[in-house]
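# Residue-level structural notes
The chain contents come next:
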Amino acid sequence: MQSFAGKTAVVTGGAAGIGRALVERCLTEGMNVVIADVEVPALEATLDALHSFGSRVCGRRVDVSQAEEVEALAQFARSTFGDIHLLFNNAGVGAGNTAWESTLKDWTWVMGVNLWGVIHGISRFVPDMLTHGEPGYVINTASIAGLVRGHHSAAYATTKHAVVALSEQLQVEFERTGAKLACAALCPSWVNTRINEGGRNRPGHLLNPDANRPVTPEMQRHWEEIQAAAAEATPPSVIADFVFEGMRAGKHYLMPHAESKAWVERRFEGILRDY
Ligand SMILES: NC(=O)c1ccc[n+]([C@@H]2O[C@H](COP(=O)([O-])OP(=O)(O)OC[C@H]3O[C@@H](n4cnc5c(N)ncnc54)[C@H](O)[C@@H]3O)[C@@H](O)[C@H]2O)c1
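Scoring rules and cut-offs
- Residues numbered from 1 in each chain as written.
- Predicted model: local features only at pLDDT ≥ 70, side-chain atom pairs only at ≥ 80, totals over all residues.
- Heavy atoms only, no water.
- Helix = DSSP H or I, 4+ residues; strand = E, 2+ residues; numbered from the N terminus.
- Buried < 20%, exposed > 50% of the residue type's maximum accessible area, 1.4 Å probe, protein only.
- Contact = heavy atoms within 4.5 Å.
- Areas by Shrake-Rupley, 256 points an atom, 1.4 Å probe, with all protein chains shown as cover.
- Axes fitted to C-alpha atoms, helices over the stretch in contact; angles between N-to-C directions.
- Parallel < 35°, antiparallel > 145°, perpendicular 65-115°, else oblique.
- Left-handed = near helix turned anticlockwise from the far one by under 90°.
- Near = heavy atom within 4 Å.
- Polar contact = N/O pair within 3.5 Å; in protein donor to acceptor, adjacent residues only side chain to side chain.
- Nonpolar A, V, L, I, M, F, W, Y, C, P; charged D, E, K, R; others polar.

Quick look at the overall build of the protein chain now. For the protein chain, the count of helices and strands is eight helices and seven strands. Taking the principal axes of its C-alpha atoms as reference, the protein chain extends roughly 50 × 45 × 35 Å. Across the 275 residues that make up the protein chain, the buried fraction comes to 47%. Within the protein chain, contacts between residues at least 6 apart in sequence are counted, and of these 73% link residues at least 24 apart. Accessible surface for the protein chain amounts to roughly 13,200 Å². Of this, 55% is attributable to carbon and sulfur atoms.

Now the structure itself:
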């Protein structure tokens, strides 16, 4: 896809982090943008900060894990700007730890946002994108955790592998049907965002009973290490620039961190050797 000006993008999780950088890049490309996010104060602050783009940007509170909210988002986007050309299924959260220690509430929340959110986006937006027939792209934010093994959260790793599989499947289906659409899985390593504070948006009914337990020194140390890694990580704007280069080049796997390609190679070698 080469030309973006005058076209319309929908960005889930667009009020912060990678999503917000994608929103800003879409706007500087001359696009219209609908920001969908569950966190209302962040959404309002983002819309305020982008007011110079006038009516080209608007927002809506949406929980992507809820099918009817994504349905309402699609109607809102269509009635505001007409046809949609870029769909960024980007909203994501992390929780839990080992596969057996993660609670069913951890699994439900992470699967709901990271996997069902992407499924809802595809099932609600892609049919219309096929019908209008203009070129377009679906970019699903997975993670390098979706291409290698060993993430500290089983639920997060499971959803990100699933998002890579779903993106590959969607691309094959576009090819088979001769659609003018393409799909890519965005698979970054660490990016400097608030992903580690994702619990700020966790619904009350999916909180673990011990959510307010006192922080142990070990938990505190782990948290500080993660925060330090995130703070030194790639700025989200670099990821957004990489995504646009990738769309212009017709890519289907977007790995902004060059070193991660070697990790993927090692995983597949490991699979063939059975580690
Ligand atoms: N930051 C990283 O190092 C990193 C690395 C690889 C992949 N990712 C992925 O990038 C994506 C964006 O995360 P980020 O790092 O920018 O984190 P972030 O927390 O800064 O931004 C995530 C955004 O998603 C929104 N959100 C959360 N739950 C939602 C829901 N149910 N419905 C709608 N919006 C919701 C949040 O309000 C927030 O604005 C996620 O899918 C994440 O898994 C992040």
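Let's pick the thread back up.
Looking now at the packing of helix α4 (residues 104-132) against helix α5 (residues 154-177). Across the interface, α4 lies against α5 with an axial gap of 8 Å and an inter-helix angle of 15 degrees. One finds that α4 runs roughly parallel with respect to α5. In this structure, the crossing between α4 and α5 has a hand that is right-handed. Where α4 abuts α5, its residues W107, V110, M111, N114, L115, V118, I119, I122, V126 and L130 lie against A154, A155, Y156, T158, T159, K160, A162, V163, L166, L170 and F174.

A few words now on the site of the ligand. The immediate surroundings of the ligand are formed by 29 residues, with I18, D37, Y156, V191 and T193 found nearest. D37 is positioned with one of its side-chain polar atoms (N or O) 2.6 Å from an oxygen atom of the ligand. Here N90 contributes a backbone N or O atom positioned 2.8 Å from an oxygen atom of the ligand. For the ligand, whose free accessible area comes to 830 Å², the fraction covered by protein is 97%. Residue assignment for the shell around the ligand shows that the elements contributing at least two residues are α1 (17-28) and α5. For the shell around the ligand, the class distribution of residues is 14 nonpolar, nine polar and six charged.

Now for the environment of N114. Take N114: it is sitting in helix α4. Considering only alpha carbons, one finds N114 and R267, 153 residues apart in sequence, at a separation of 23 Å. Those residues in contact with N114, other than ones at most four positions away along the chain, are A91, G92, V93, Y156, T159, K160 and V163. There is a polar contact of 2.8 Å between the side chain of N114 and the backbone nitrogen of V93.

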